[in-house]
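# Coordinates in review
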Amino acid sequence: GACREGELDFANALKPILARSSTKVIGATTNNEYLKFFSSDGALKRRFETITVNEPRSKDVAVMIKNQITALENHHGVKISKKIIDFVILNANCYNYETKNPDRTIDLIDKTLVVAKLNGKKVATKNDVLANFDYNRKLFKQMPIESKTTIAYHEAGHFIVRYFSKDSSVSSILSVSIMPTDNYLGVTVFETNYNMIINKNREFYVKEIAECLAGRIAEKMYTNDLTSGATKDLHTANKLASKVVLEFGLEDDFNKYRTFDYKKSKEKSSSIDKYIDKLLEDAWIYAEKILTEKKEYLEALVNALTKNGILSITEIEKIFSSVSKVTTHNN
């Protein structure tokens, strides 16, 4: 509500009302807008209690949007079952991962009901969900098997290292996709468990960096190709390793008494590079070890991805269960 300098804006008009404690005000904004506009006014900020609302977990989305689903069903004259809603959530996560829930799920449910209505149906089916991604599925079918395999190794690499390091992670995996979208060719879908408390020591970050590098490592180990995603992963891993050394101060031999602002730091020296390189090397070795030891699981996941395009965590764990039985029998 800011006006020109010297004129009363809405924030200043609101302060005396809030001071009298006779009016309750609830507002909602994004983290960036809060930091830019709201928190800069100390007098206004202290009159509010900040409540962070995290993105809902996938298992909670259907219950959260129950009323919206009923309204959409009534509007379109089409019903949708809990089973199909779960299928919508899976596909919304894979095809629109860069957006947030519950919006992406509501949007896809709306489109699914429209498709069913246009086809004269009274109940939505999986085909009505998939009809929204006909173009993506067509592209997937047209992809050369070499391209599918490379992308599958990349995403399977991420999955394997994260899955078999799950004791150290604050996130859970939902699905893996190599279906082409407007913004990416593959994605490992996971969500943060905000209720989990974990000791974020050097070992934790070695595993986090290893998961970043795992797609690139899997490509190098099992294909003769590197994708643009492998380059992006390397960049992400380097940024995280630099933060661990400079900002988090977890390399005690280097910065025993001080830390550096990672974003503003101009510290550049061979000694810093040495510690960053060592952290990256340890993460690379850790990822390579898991990908070698779990090769049977990796290969099974790659084969299923190149065939199906998208796999939920339930489907993947069924595949892994079969691999475990075969491995145990052979031993």
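The structure this text deals with has already been given above.
Note that this is a predicted model, so its numbers are computed, not measured.

The subject of this paragraph is helix α10 (residues 145–163). An ideal rise of 1.5 Å per residue puts 27 Å on 19 residues; α10 measures up with 26 Å between its terminal C-alpha atoms. Counting buried residues along α10, 15 of its 19 residues qualify, which places the element largely inside the surrounding structure.

Turning to the environment of H154, a few remarks are in order. In this fold, H154 is placed in helix α10. Given the relative accessible area of 6%, H154 is considered buried. Excluding residues that lie within four positions of it along the chain, H154 makes contacts with G215, R216, E219, T227, G229, A230 and D233.

With that out of the way, let us pick up the packing of aromatic side chains. Scanning the entire structure with this criterion turns up 13 aromatic pairs. Relative to Y163, the ring of F159 has its centre 5.2 Å away and its plane inclined at 15°; by these criteria the two rings are stacked. Separated by 4 residues within a single helix, F159 and Y163 lie in helix α10, roughly one turn from each other. Judged by relative accessible area, which is 15%, Y163 ranks as buried. Measuring from ring centre to ring centre gives 5.1 Å for Y163 and F164, while their planes differ by 85°; the resulting arrangement is edge-to-face. Taken together, the ring pairs connect F159, Y163, F164, Y297 and F320 into an aromatic cluster. Cation over ring: K148 sits above F140, and NZ or CZ is 4.1 Å from the ring centre. Above the ring of F190, the side-chain terminus of R162 is found at 4.1 Å from the ring centroid.

With that settled, the discussion passes to the nonpolar core. Within the largest apolar cluster, 80 residues are counted, with the highest numbers of intra-cluster contacts made by I80, I109, F159, I160, I209, L301 and F320. Here the element with the most residues in this core is helix α11 (residues 202–222); it accounts for 10 residues. If sequence neighbours within four positions are ignored, I209 has contacts with A237, L240, A241, L279, L280 and A283.

Another aspect to go through is the packing of helix α6 (residues 82–95) against helix α7 (residues 103–118). Running from amino to carboxyl end, α6 crosses α7 at an angle of 120°, the nearest separation of the two axes being 9 Å. Accordingly, the angle class assigned to the pair α6 and α7 is oblique. For the element pair α6 and α7, the recorded crossing hand is right-handed. Touching I85, V88, I89, N91, A92 and N93 of α6 are R104, T105, L108, I109 and T112, all from α7. Looking at side-chain class alone, the contact of α6 with α7 contains 6 nonpolar, 4 polar and 1 charged residues.

Turning to the environment of D273, a few remarks are in order. Relative to the helices and strands, D273 resides in helix α13 (residues 270–293). Judged by its relative accessible area of 42%, D273 falls in the partly exposed class. With 28 residues separating them in the primary sequence, D273 and V245 have C-alpha atoms 9.5 Å apart.

Moving on to the sheet that holds strand β2 (residues 187–192). Ordered by their spatial adjacency, 3 strands build an open sheet running β2-β1-β3, and the pairing between neighbours is antiparallel. Bordering the open sheet on either side are β2 and β3 (310–312), each of which pairs with just one other strand. Taking the axes of each pair of neighbouring strands and ignoring which way they run, one obtains an average angle of 25° across the sheet. Contacts between α10 and the sheet are confined to β1 (171–177) and β2, with β1 contributing the most and set at about 155° to the helix. Taken strand by strand, helix α14 (residues 295–308) contacts β1 and β3, and its axis lies near 125° from that of β3.

Cis geometry is found at the peptide bond from N101 to P102, where omega equals 10°. Within the secondary structure, P102 is located in the loop between α6 and α7.

Inspection of every chain in the model, using the stated rule, returns 13 salt bridges. One salt bridge connects R57 with E191, and the closest N-O pair in it is separated by 3.4 Å. In this pair, R57 is assigned in the loop between α3 (42–45) and α4 (58–64) and E191 in strand β2, connecting sequence segments 134 residues apart. Since its relative accessible area comes to 22%, R57 is described here as partly exposed. On the basis of relative accessibility, which here comes to 13%, the residue E191 falls in the buried class.

Rules used throughout
Residues numbered from 1 in each chain as written. Predicted model: local features only at pLDDT ≥ 70, side-chain atom pairs only at ≥ 80, totals over all residues. Heavy atoms only, no water. Helix = DSSP H or I, 4+ residues; strand = E, 2+ residues; numbered from the N terminus. Expected span 1.5 Å × (residues − 1). Buried < 20%, exposed > 50% of the residue type's maximum accessible area, 1.4 Å probe, protein only. Contact = heavy atoms within 4.5 Å. Phe/Tyr/Trp six-rings, centres within 6.5 Å; stacked < 30°, edge-to-face > 60°. Lys NZ or Arg CZ within 6 Å of the ring centre and 35° of its normal. Core = buried A, V, L, I, M, F, W, Y, C linked by side-chain atoms within 4.5 Å. Axes fitted to C-alpha atoms, helices over the stretch in contact; angles between N-to-C directions. Parallel < 35°, antiparallel > 145°, perpendicular 65-115°, else oblique. Left-handed = near helix turned anticlockwise from the far one by under 90°. Nonpolar A, V, L, I, M, F, W, Y, C, P; charged D, E, K, R; others polar. Pairing = 2+ DSSP bridges. Salt bridge = Lys/Arg side-chain N within 4 Å of Asp/Glu carboxyl O.

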